[in-house]
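One letter stands for each residue in the lines below.
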Amino acid sequence: MKNRRRSLFTVLAIALGFSAVTLFGAFTSYMYAGNREGSIYSSYMGHILIARKGLEDSWREDPKKFLLTPEEMDYITRTCQQIPEILLIAPQMRINGLISDGKTSTIFVAQGIVPAVQDVFARETRLRLMEPYEGKPLSDTDIYGVGISKGLANILKLDLGSEAVIMGTTVDGQMNAFDVTVSYLFNAPAAAINERFLRVPFQLAQKLYDTDGAHYISLLLKDTKQTEAVRTKLSKIFADDHRDLGMKTWNEISEWYNKVKEMFDMIFFFLFAIVFIIVVMSVINTMSMSVMERTREIGTLRALGLKRFGIIRLFAIESGLLAFGGILGGGFLSLVGWFLVYALEPKWTPPGITARIPLQLYFSASQIMMSMFFLLILCMIASILPARKAAYRNIVDALGHV
Amino acid sequence: MALIEMQNIHKTYRMGETLVQALRGITLSIDAGEFVAVWGPSGSGKSTLLNLIGAIDDPDPSSESYRLQGQDIFSLSDNQRSEMRNRNIGFIFQQFNLIPVLSALENVMLPLQIQGVPTPKAREAALRRLEQVELKDFIDHRPDKLSGGQQQRVAIARALVTHPSLVIADEPTANLDTKTAMVIVSIMKELNRQEKTTFIFSTHDQRLIDHVDRLIHLEDGCIVEE
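Position labels on residues start from 1 in each chain and follow its written sequence. Following the order in which they are written, the chains are lettered starting with A and the ligands numbered starting with 1. Per-residue local features are limited, in this predicted model, to residues with pLDDT of at least 70; the limit for side-chain atom pairs, both in listing and counting, is 80 or more; totals at the level of whole chains, interfaces and linings are taken over all residues. As a convention, hydrogens and water are excluded, and side-chain values are obtained from all of the structure's heavy atoms.

Where do I start with the overall build of chain B in this structure?
Helix and strand labels come from DSSP, where a helix needs a run of H or I of at least four residues and a strand needs a run of E of at least two; each type is numbered from the N terminus. Scanning chain B from N- to C-terminus turns up seven helices and 10 strands. Expressed as lengths along the three principal axes of its C-alpha atoms, the size of chain B is roughly 50 × 40 × 40 Å. Going through the 226 residues of chain B one by one, you find that 54% of them count as buried. A fraction of 72% describes how many contacts in chain B between residues 6 or more apart in sequence connect residues 24 or more apart. Exposure is judged per residue with a 1.4 Å probe applied to protein chains only, and the accessible area is read against the type maximum: over 50% gives exposed, under 20% gives buried, and values in between give partly exposed. In what follows, residue pairs with any heavy atoms lying within 4.5 Å of each other are defined as contacts.

So this is what it looks like as structure tokens:
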């Protein structure tokens, strides 16, 4: 602490390291939140999907076999209405077939949703741009108005108001077709499906498959944190009622979310390790120099009766103070970084997404606390090595040090 | 019972390949309240003897015994020695060895704070000691703002603040002019007289010798005259 310039540089190194970790942590939190919100809200999948057991693995073999019957849909709806954590209960269809503009035909996959749920999903998410689209959303009154992904619209040269034909096989194996109108154009949630994705009213999906059933019942919860609790509750009820129903939570369905999270967790860990190694080396250097310069002082303190542990503690406290100063400085730099991002609103295109979205930073209290804790502890530990060396030095030698 | 009892103390230093015998079988007894000077030329072993008396250095294993206030110093652990130094021994160094970032008052409070004395009580005791050495007006000054004589007076106050039974001063006047040196010696002498604190200091300054009660003359690591 005596050499102000060196201490200042160490504090600065700690501050930069801490702010780098904090800002990157805030970015990863934003990424996780964005992916989570995208998986739950933008895709209109909700927190939990209820379906007949085996749907995910073998629905192509016999789509009819895995459709929920109206009785089952009614049972699920009644059961879920008893659980206060559930905000919305809505059936969904997953269909596929051919779409044609009269000249060109291509395959499509579509999600059949109840149009009325769109508002609820949009209202509940914390995403600033949930799913940018052009045109007007699906409507309960116009069941032939569909949303079409921009990639698919490009292939078929379709625009807002254009007409097309969707064809599919009913659950009984008959061909079925309907004229549809393009109500809106949107970017599919993943680039991989942007050239074949449709979103259609649930009623139209049922008509195309000629069924009064549904593939899923989607549940939107009041709070994402309640997902596991609600699933546990429902599992018990379904088991008690001997129902052959399975459930998937949003994070089980979203492979993308899990992979992105895994990847960013790993990147965060490496960054954290690199930054902290640099910081620790800087602290060791500062403390070693400090110990060397203050050898005579250490000898004096030992002669006056300070124990070896007292010397080590003294340097650990000094190191802790440097770390504390660095954390304060780093906190300030992080706030500056957050303010710049907030004020400049930079936009970016994340991998797998087709639209530019605003970059945001979500500070995570637990992540910041963890970084602070590790930084303080590591800085204090970093001072122990040079301090221990000083504490165990012969007092007479230390007093004679020039 | 004598305050200090040393029997056949040896100390050898290794300087590269050479072994230097700094003390050769010192046997010494000093009573409480004595004002003693260890005198001799450079390299005679004065500082080595004082370091051993102050329990900041270890003698050769062949040494017989050293008792301070009846306590066998060789048998103490490092922590026990530290505690013993803090409570029973005050140090005054040739280079003053004040902590540069602390004020005069804080420097004097230091031994008490090491002892765990609460700050207000330590402050009060330190103020009293600084008053005794006539530095009341300099309590907030850092060492670099004090003259050599003033710094040594702070060091004396620091050495005495715990009411030790023994004060060791290694060449306390070596870095001071004659006038200041005499002032420092008279302060030490006065404190010795008032509080019966034992003072042992090393010097090769003939002018200071007249003020001591007892003179130990060292040459080549042996006591040649008392």
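On we go.
I keep staring at the UniProt feature "domain: ABC transporter" (unreviewed entry) in chain B and nothing clicks. Help me out?
UniProt positions are given in the numbering used here, feature names are shortened, and annotations may be inferred rather than shown by experiment. Mapped onto this numbering, the UniProt entry gives "domain: ABC transporter" (unreviewed entry) at residues 4-226 of chain B. For the annotated span residues 4-226 of chain B, helix accounts for 36% and strand for 27% of the residues, and the straight-line distance between the end C-alpha atoms is 16 Å.

Honestly, the domain arrangement of chain A in this entry has me stumped. Any pointers?
Much of the literature gives interface size as the accessible area that the parts lose upon coming together. Source of the domain bounds: an automatic or database domain assignment. Examined at the domain level, chain A breaks down into domain 1 (4-37 + 257-399) and domain 2 (46-253). Centre-to-centre, using C-alpha coordinates, domain 1 of chain A lies 47 Å away from domain 2 of chain A.

Would you explain the interface of chain A and chain B in this entry?
Across the boundary between the two partners, chain A contributes 16 residues, which contact 20 residues of chain B. The junction of chain A with chain B conceals about 1700 Å² of combined surface from both sides, 62% of it contributed by carbon and sulfur atoms. Summed over both partners, the accessible area lost on bringing two parts together, with a 1.4 Å probe, is the buried area. Taken as a group, A:Leu304, A:Lys307 and A:Val396 account for 34% of the area that chain A buries against chain B, more than any other trio of residues on that side. Salt bridges are identified by distance alone: a Lys or Arg side-chain nitrogen within 4 Å of an Asp or Glu carboxyl oxygen. Where chain A packs against chain B, one counts three salt bridges. Notably, a salt bridge pairs A:Arg308 with B:Asp78, separated by 3.5 Å at the nearest N-O pair. Two N or O atoms form a polar contact when they lie within 3.5 Å of each other; inside protein one atom must be a possible hydrogen donor and the other a possible acceptor, and for residues adjacent in sequence the pair counts only when both atoms belong to side chains. In this assembly, chain A and chain B are joined by nine residue pairs in polar contact (both at pLDDT 80 or more). At the level of elements, α10 (295-303) and α13 (395-399) of chain A are the ones that each hand at least two residues to the side of chain A that touches chain B. With six residues, the top contributor of residues to the side of chain A that touches chain B is α10(A).

Before we go on, may I ask you to explain the packing of helix α11 (residues 308-344) of chain A against helix α12 (residues 365-391) of chain A in this structure?
Residues and elements named next belong to chain A. Relative orientation of the contacting elements α11 and α12 amounts to 145°, with a least axis distance of 7 Å. Crossing hand, α11 versus α12: right-handed. Along the contact surface, α11 presents Arg308, Ile311, Ile312, Phe315, Ala316, Ser319, Gly320, Ala323, Phe324 and Ile327, while α12 presents Met372, Leu375, Leu376, Cys379, Met380, Ser383, Ile384, Ala387, Arg388 and Ala391. Throughout, the ten residues Ala, Val, Leu, Ile, Met, Phe, Trp, Tyr, Cys and Pro are labelled nonpolar, Asp, Glu, Lys and Arg are labelled charged, and all others, Gly among them, are labelled polar. For the contact of α11 with α12, a count of residues per class yields 15 nonpolar, three polar and two charged. Axis lines are fitted through C-alpha atoms, for helices just across the contact stretch, and the angle between N-to-C directions can take any value from 0 to 180 degrees. Whether a crossing is left-handed or right-handed is set by the direction in which the near helix is turned from the far one by less than a right angle, anticlockwise for left-handed and clockwise for right-handed.

Sorry if this is basic, but what is going on with the pairing of strand β4 (residues 65-68) of chain B here?
Put simply, side chains in a regular strand alternate between the two faces of the sheet. All names here are of chain B. Only one face of β4 is buried: it carries Tyr66 and Leu68, and the other face, with Ser65 and Arg67, is open. Two strands form a pair only when DSSP identifies at least two bridges running between them. In this structure, strand β1 (residues 4-15) lies alongside β4, joined through four bridges in antiparallel fashion. Bridge pairing links glutamine 7 to serine 65 in β4. Of the pairings in the sheet, the one linking β4 to strand β5 (residues 71-72) comprises two bridges and is antiparallel in character. Each residue of the ladder has a partner; that of leucine 68, found in β5, is glutamine 71. Once β4 ends, the chain turns through two residues before running back antiparallel as β5, passing glutamine 69 with a positive phi of about 50°.

Just to check I follow, could you spell out the side chain of A:Ser371 for this structure?
Secondary-structure assignment places A:Ser371 in helix α12. In this structure A:Ser371 comes out as buried when scored by relative accessible area, which is 1%.

Help me understand the sheet that holds strand β2 (residues 18-30) of chain B, please; the structure alone is not making it clear to me.
The strands that make up a sheet pair up through hydrogen bonds in the backbone, lying either parallel or antiparallel. Residues and elements named next belong to chain B. Sheet architecture is open: four strands sit in the order β2-β1-β4-β5, paired in antiparallel fashion. Each edge of the open sheet is held by one strand with a lone partner, namely β2 and β5. Set on the sheet, helix α1 (residues 46-53) makes contact with β1, β2 and β4; between it and β1 the angle comes to about 125°.

Quick question: what am I supposed to make of the environment of A:Ala33 here?
For A:Ala33, the position within the fold is in helix α1 (residues 4-42). Sequence separation between A:Ala33 and A:Glu255 is 222 residues; the distance between their C-alpha atoms is 15 Å.

Hey, could you run me through the packing of aromatic side chains in this one?
One pair of aromatic rings is described through two measures. These are the centre distance and the angle between the planes. Residue and element names in this part refer to chain A. The criterion for an aromatic pair is that two Phe, Tyr or Trp rings (for Trp, the six-membered ring) have centres within 6.5 Å, with stacked assigned to planes under 30 degrees apart, edge-to-face to planes over 60 apart and tilted to the rest. Enumeration over the complete set of coordinates arrives at 21 aromatic pairs over all chains. For the ring pair phenylalanine 186 and phenylalanine 197, a centre distance of 6.0 Å and an interplane angle of 75° mean the geometry is edge-to-face. Of this pair, phenylalanine 186 sits in strand β7 (residues 175-186) while phenylalanine 197 sits in strand β8 (residues 197-201), and the two are 11 residues apart along the sequence. Note on phenylalanine 268 and phenylalanine 272: the rings are 5.8 Å apart at their centroids and 35° apart in plane angle, and the pair reads as tilted. Here phenylalanine 268 and its partner phenylalanine 272 are both found in helix α9 (residues 255-293), four residues apart, which amounts to about one turn of the helix.

Just to check I follow, could you spell out the pattern of salt bridges for this structure?
Side chains bearing opposite charge may pair, as long as their charged atoms lie close to each other. One pass over the full model with this rule turns up 24 salt bridges over all chains. A salt bridge links B:Arg214 to B:Glu34, with the shortest nitrogen-to-oxygen separation between them at 3.1 Å. Linking B:Arg214 in strand β9 (residues 214-219) with B:Glu34 in the loop between β2 and β3 (35-39), this pair joins segments that are 180 residues apart in sequence. Given the relative accessible area of 15%, B:Arg214 is considered buried. Assessed through its relative accessible area of 16%, B:Glu34 is described here as buried. A network of salt bridges, in which partner residues are shared, links A:Glu228, A:Arg231 and A:Glu252.

Is there a simple way to explain the packing of helix α5 (residues 148-160) of chain B against helix α6 (residues 178-195) of chain B in this structure?
A pair of packed helices is characterised by two quantities: the angle between their axes and the separation of those axes. Residues and elements named next belong to chain B. For the pair α5 and α6, the least separation of the axes is 10 Å and the interaxial angle reads 15°. Considering the angle they form, α5 stands roughly parallel to α6. Handedness of the α5/α6 crossing: right-handed. Across the interface between the two elements, Gly149, Gln152, Arg153, Ile156 and Leu160 of α5 pack against Thr180, Ile184, Ile187, Met188 and Leu191 of α6. Taken together, the residues that form the contact of α5 with α6 break down as six nonpolar, three polar and one charged. Roughly parallel means an angle under 35 degrees; roughly antiparallel means over 145; roughly perpendicular covers 65 to 115; every other angle is labelled oblique.

What's the story with helix α4 (residues 119-132) of chain B in this structure? I'm lost.
Given 3.6 residues per helical turn, the α-helix brings residues three or four places apart onto the same face. Residues and elements named next belong to chain B. In this analysis, the expected span of each helix is defined as 1.5 Å times one less than the number of residues it contains. Between its first and last C-alpha, α4 extends 20 Å over 14 residues, near the 20 Å set by a 1.5 Å rise per residue. Among the residues making up α4, those that are buried are Ala122, Ala125, Ala126, Arg129 and Leu130. Buried residues of α4 fall within an arc of 135° about the axis and therefore sit on the same side. Facing away from the buried side of α4 by over 90 degrees, the exposed positions are Pro120 and Lys121. In this fold, the buried residues of α4 make contact with α3 (104-115), α5 and α6. Count one or two residues on from α4 and you reach glutamate 134, which has phi positive near 60°. What the arc measures is the spread of directions leading from the helix axis to the C-beta atoms.

Hey, could you run me through the sheet that holds strand β6 (residues 89-92) of chain B in this one?
Residue and element names in this part refer to chain B. Reading across the sheet, the six strands line up as β6-β7-β8-β3-β9-β10 and stay open at both edges, with mixed pairing between neighbours. For this open sheet the edge positions go to β6 and β10 (222-225), each flanked by a neighbour on one side alone. Averaged over all pairs of adjacent strands, the angle between strand axes in this sheet comes to 25°, irrespective of strand direction. Relative to β9, β3 runs parallel, the two sharing four bridges. Bridge pairing links alanine 37 to leucine 215 in β9. Relative to the sheet, α6 contacts β3, β6, β7 (166-170) and β8 (198-203), its axis offset from that of β8 by approximately 155°.

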